[in-house]
Amino acid sequence: MCNIDYDMPDLYSQSYRIAKKRHVCYECARFIEPKEKYSYVFAIYGKENSSYKTCYHCFMGQEWLLKTCGGFLHGNLEEEIKEHAEDYKRMDLYRFVVGINKKWNKLNIPKLKD
(Lines give C-alpha, C1' and ligand atoms only; values in the text may rest on other atoms or scores of the structure.)
Protein backbone atom coordinates (compact mmCIF):
# COMPACT_ATOMS: atom_id res chain seq x y z
CA MET A 1 0.00 0.00 0.00
CA CYS A 2 2.52 2.63 1.07
CA ASN A 3 4.69 3.22 -1.97
CA ILE A 4 7.77 4.80 -0.41
CA ASP A 5 10.49 2.49 -1.70
CA TYR A 6 12.68 4.92 -3.57
CA ASP A 7 16.23 6.16 -3.69
CA MET A 8 16.81 8.98 -1.26
CA PRO A 9 17.89 12.22 -2.93
CA ASP A 10 21.37 13.58 -2.35
CA LEU A 11 19.81 16.91 -1.43
CA TYR A 12 16.19 17.68 -0.50
CA SER A 13 15.11 21.18 0.45
CA GLN A 14 11.50 22.16 1.15
CA SER A 15 10.19 25.64 1.79
CA TYR A 16 6.77 27.21 2.02
CA ARG A 17 6.09 30.19 -0.16
CA ILE A 18 3.41 32.64 -1.15
CA ALA A 19 3.00 32.86 -4.91
CA LYS A 20 3.88 36.14 -6.56
CA LYS A 21 2.84 34.85 -9.96
CA ARG A 22 0.79 31.94 -11.25
CA HIS A 23 2.33 28.47 -10.94
CA VAL A 24 1.02 24.98 -11.72
CA CYS A 25 0.73 22.32 -9.02
CA TYR A 26 2.94 19.33 -9.79
CA GLU A 27 0.36 16.92 -8.33
CA CYS A 28 -3.05 18.09 -9.59
CA ALA A 29 -2.10 20.59 -12.34
CA ARG A 30 -4.38 23.30 -10.97
CA PHE A 31 -3.13 26.85 -10.96
CA ILE A 32 -1.53 28.18 -7.81
CA GLU A 33 -2.69 31.78 -7.99
CA PRO A 34 -0.80 34.84 -6.70
CA LYS A 35 -1.02 35.22 -2.91
CA GLU A 36 -1.74 31.50 -2.39
CA LYS A 37 0.51 29.42 -0.14
CA TYR A 38 2.35 26.51 -1.73
CA SER A 39 5.16 24.08 -1.02
CA TYR A 40 8.37 24.34 -3.03
CA VAL A 41 10.81 21.43 -3.09
CA PHE A 42 14.24 21.36 -4.71
CA ALA A 43 15.96 17.98 -4.90
CA ILE A 44 19.09 16.53 -6.45
CA TYR A 45 19.16 12.87 -7.44
CA GLY A 46 22.66 11.99 -8.60
CA LYS A 47 23.40 14.60 -11.24
CA GLU A 48 19.76 15.55 -11.92
CA ASN A 49 17.94 18.49 -10.36
CA SER A 50 14.20 18.44 -9.75
CA SER A 51 11.80 21.02 -8.39
CA TYR A 52 8.18 20.59 -7.35
CA LYS A 53 5.55 23.22 -6.61
CA THR A 54 2.56 21.82 -4.74
CA CYS A 55 -0.73 23.58 -3.97
CA TYR A 56 -1.93 23.65 -0.37
CA HIS A 57 -4.64 21.02 -1.03
CA CYS A 58 -2.13 18.50 -2.38
CA PHE A 59 0.44 19.44 0.25
CA MET A 60 -2.04 18.34 2.92
CA GLY A 61 -2.32 14.96 1.16
CA GLN A 62 1.47 14.66 1.13
CA GLU A 63 1.55 15.47 4.86
CA TRP A 64 -1.04 12.75 5.52
CA LEU A 65 1.07 10.20 3.61
CA LEU A 66 4.21 11.33 5.43
CA LYS A 67 2.48 10.85 8.78
CA THR A 68 0.80 7.55 7.81
CA CYS A 69 3.46 5.88 5.67
CA GLY A 70 6.65 7.71 6.52
CA GLY A 71 7.03 9.28 3.06
CA PHE A 72 5.58 9.83 -0.39
CA LEU A 73 6.66 10.07 -4.03
CA HIS A 74 6.26 13.35 -5.87
CA GLY A 75 3.86 13.02 -8.77
CA ASN A 76 2.07 9.96 -7.39
CA LEU A 77 -0.23 11.58 -4.84
CA GLU A 78 -3.61 10.86 -6.42
CA GLU A 79 -2.84 7.18 -6.95
CA GLU A 80 -1.48 6.74 -3.42
CA ILE A 81 -4.42 8.46 -1.70
CA LYS A 82 -6.90 6.53 -3.87
CA GLU A 83 -5.28 3.23 -2.91
CA HIS A 84 -5.42 4.16 0.79
CA ALA A 85 -9.07 5.24 0.45
CA GLU A 86 -9.97 1.87 -1.07
CA ASP A 87 -8.03 -0.11 1.54
CA TYR A 88 -9.21 1.88 4.58
CA LYS A 89 -12.72 2.71 3.24
CA ARG A 90 -12.23 6.32 4.37
CA MET A 91 -14.62 8.87 2.94
CA ASP A 92 -12.26 11.80 3.63
CA LEU A 93 -9.63 10.20 1.39
CA TYR A 94 -12.19 9.56 -1.37
CA ARG A 95 -13.15 13.26 -1.18
CA PHE A 96 -9.51 14.20 -1.55
CA VAL A 97 -9.21 12.12 -4.74
CA VAL A 98 -12.41 13.64 -6.12
CA GLY A 99 -10.97 17.10 -5.45
CA ILE A 100 -7.88 16.29 -7.48
CA ASN A 101 -9.98 14.83 -10.32
CA LYS A 102 -12.21 17.90 -10.45
CA LYS A 103 -9.14 20.09 -10.79
CA TRP A 104 -7.85 18.00 -13.71
CA ASN A 105 -11.25 17.97 -15.41
CA LYS A 106 -11.75 21.72 -14.93
CA LEU A 107 -8.44 22.43 -16.66
CA ASN A 108 -9.22 19.90 -19.40
CA ILE A 109 -5.60 18.76 -19.40
CA PRO A 110 -4.88 15.09 -20.06
CA LYS A 111 -3.01 13.42 -17.22
CA LEU A 112 0.55 12.45 -17.98
CA LYS A 113 1.35 8.77 -17.67
CA ASP A 114 4.73 7.69 -16.34
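Bear in mind that the values here come from a model prediction, so they are computed numbers and not experimental data. (Residues numbered from 1 in each chain as written. Predicted model: local features only at pLDDT ≥ 70, side-chain atom pairs only at ≥ 80, totals over all residues. Heavy atoms only, no water.)

Caption draft 1: Fine view of helix 2 (residues 77–88). For helix 2, with twelve residues, the first-to-last C-alpha span of 16 Å sits near the 16 Å given by 1.5 Å per residue. Within helix 2 the residues assigned to the buried category are Leu77, Glu78, Glu80, Ile81, His84 and Ala85. An end-on view of helix 2 places all buried positions within 165° of arc, on one side of the element. Note on helix 2: the residue one or two positions beyond its end, lysine 89, has a positive phi of about 55°. (Helix = DSSP H or I, 4+ residues; strand = E, 2+ residues; numbered from the N terminus. Expected span 1.5 Å × (residues − 1). Buried < 20%, exposed > 50% of the residue type's maximum accessible area, 1.4 Å probe, protein only. Arc of directions from axis to C-beta.)

Caption draft 2: Spotlight on the pairing of strand 4 (residues 37–45). Both strand 1 (residues 11–18) and strand 4 contribute to a ladder of eight bridges, which runs antiparallel. Paired with serine 15 across the bridge in strand 4 is tyrosine 40. Bridge analysis of strand 4 against strand 5 (residues 48–55) gives eight bridges, and the strand direction is antiparallel. Bridging from a neighbouring strand, phenylalanine 42 pairs with serine 51 of strand 5. Here strand 4 hands over to strand 5 after two residues, with glycine 46 in that stretch at a positive phi of 65°. (Pairing = 2+ DSSP bridges.)

Caption draft 3: View of unusual backbone geometry. Positive phi is not limited to glycine here, since alanine 29 has a value of about 70°. Position of alanine 29 relative to the elements: it lies in the loop between strand 2 (23–24) and strand 3 (31–32). Since its relative accessible area comes to 10%, alanine 29 is described here as buried. Even without a glycine there, the phi angle at lysine 35 is positive, about 80°. Within the secondary structure, lysine 35 is located in the loop between strand 3 and strand 4. The class for lysine 35 is exposed, based on a relative accessible area of 73%.

Caption draft 4: A look at the side chain of histidine 74. Relative to the helices and strands, histidine 74 resides in the loop between helix 1 (56–69) and helix 2. Filtering out sequence-adjacent residues up to four positions away, histidine 74 remains in contact with Tyr12, Tyr26, Glu27, Val41, Tyr52 and Gln62. (Contact = heavy atoms within 4.5 Å.)

Caption draft 5: Summary view of the pattern of salt bridges. With the rule as written, the count across this model stands at two salt bridges. For arginine 22, the salt bridge identified is with glutamate 33, shortest N-O distance 2.9 Å. With a gap of eleven residues between them, arginine 22 in the loop between strand 1 and strand 2 and glutamate 33 in the loop between strand 3 and strand 4 connect regions that are remote in the sequence. The partly exposed category is assigned to glutamate 33, whose relative accessible area is 27%. Of the charged contacts in the structure, one is a salt bridge between arginine 30 and glutamate 36, with a shortest N-O distance of 2.5 Å. (Salt bridge = Lys/Arg side-chain N within 4 Å of Asp/Glu carboxyl O.)

Caption draft 6: Representation of the sheet that holds strand 5. Pairing in this open sheet of three strands is antiparallel, and the strands run 1-4-5 from one edge to the other. The strands lining the two open edges of the sheet, one partner per strand, are strand 1 and strand 5. For this sheet, the mean inter-axis angle between neighbouring strands, taken without regard to orientation, is 15°. Against the sheet, helix 1 makes contact with strand 1, strand 4 and strand 5, and its axis sits at roughly 110° relative to strand 5, the strand it touches most. (Axes fitted to C-alpha atoms, helices over the stretch in contact; angles between N-to-C directions.)

By themselves, these observations are geometric and do not establish any function.
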